[in-house]
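Given next are the chains, with one letter for each unit.
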Amino acid sequence: MWGSRKSRASTVVTCTACGKTVLRNEAREYDKYGNRWDRDGKQFEHLCKKCDTDLCHQPRGGLETLLTECGAGEVSQDEFLARYTQTVRDRYDSLGER
Ligand SMILES: [Zn+2]
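Bear in mind that the values here come from a model prediction, so they are computed numbers and not experimental data.

Draft legend 1. Here's a closer look at the environment of Thr87. Here Thr87 shows up in helix α4 (residues 77–92). For Thr87, a relative accessible area of 18% puts it in the buried group. In this structure, the C-alpha to C-alpha distance between Thr87 and Leu67, residues 20 residues apart in sequence, is 9.8 Å. Here Thr87 is in contact with Leu66 and Cys70, once residues within four sequence places are set aside.

Here it is, written out as structure tokens:
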């Protein structure tokens, strides 16, 4: 019956991508480190089904590391964008040069 699962079913989470509030059991867990199976000491973010479907599930080689290195969430947006642009240039542009 509904009553027995009430506490779990009524938990709501906010979709990280679109900000919509959805029931926890209808949301998909999103691990920004890209490894949902290693659960130790982690707090997961959530995506609604639509955003999860839209999401690219290819590996994001080092993107989170790169964002962290550039000070995401710690420095101002202008500073972050400047660092990000510079870092990506330093790191990836040279790959295309012969
Ligand atoms: Zn969403």
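Draft legend 2. Spatial organisation of the side chain of Glu29. Position of Glu29 relative to the elements: it lies in strand β3 (residues 28–30). Residue class for Glu29 comes out buried when judged on its relative accessible area of 16%. Engagement of the side chain of Glu29 in a polar contact is seen with the side chain of Arg24, the distance being 3.1 Å.

Draft legend 3. Main features of the pattern of salt bridges. Under the defined criterion, the tally for this structure stands at 4 salt bridges. One salt bridge in this structure joins Arg24 and Glu29, with 3.1 Å as the shortest N-O distance.

Draft legend 4. View of the environment of Gln86. By secondary structure assignment, the location of Gln86 is in helix α4. Exposure remark for Gln86: the relative accessible area of 41% places this residue in the partly exposed category. Counting along the chain gives 16 residues from Gln86 to Cys70, while the straight-line C-alpha distance between them is 9.4 Å.

Draft legend 5. Up close: the coordination of the zinc ion. Around the zinc ion, the protein contributes the donor atoms Cys15 (SG), Cys18 (SG), Cys48 (SG) and Cys51 (SG), at 2.3 to 2.4 Å from the metal centre. Classification of the site at the zinc ion rests on its 4 donor atoms, whose angles at the metal span 103 to 117 degrees, yielding the label tetrahedral. The sequence pattern describing where the donors of the zinc ion fall on their chain is C-x2-C-x29-C-x2-C. Here Cys18 is found in the loop between β1 (12–14) and β2 (21–23), whereas its partner Cys48 is found in the loop between β4 (45–47) and α2 (49–54), with 30 residues between them in sequence. Residue Cys18 is classed as partly exposed on the basis of its relative accessible area, which comes to 41%. Judged by relative accessible area, Cys48 falls into the buried class, the value being 4%.

What counts, and at which threshold
Residues numbered from 1 in each chain as written. Predicted model: local features only at pLDDT ≥ 70, side-chain atom pairs only at ≥ 80, totals over all residues. Heavy atoms only, no water. Helix = DSSP H or I, 4+ residues; strand = E, 2+ residues; numbered from the N terminus. Buried < 20%, exposed > 50% of the residue type's maximum accessible area, 1.4 Å probe, protein only. Contact = heavy atoms within 4.5 Å. Polar contact = N/O pair within 3.5 Å; in protein donor to acceptor, adjacent residues only side chain to side chain. Salt bridge = Lys/Arg side-chain N within 4 Å of Asp/Glu carboxyl O. Donors = N, O, S within 2.8 Å, 3.2 Å for Na, K, Ca; no water. Tetrahedral: all angles 85-135°; square planar, octahedral: opposite > 155°, others 65-115°.

Distances and angles like these do not, on their own, reveal function.
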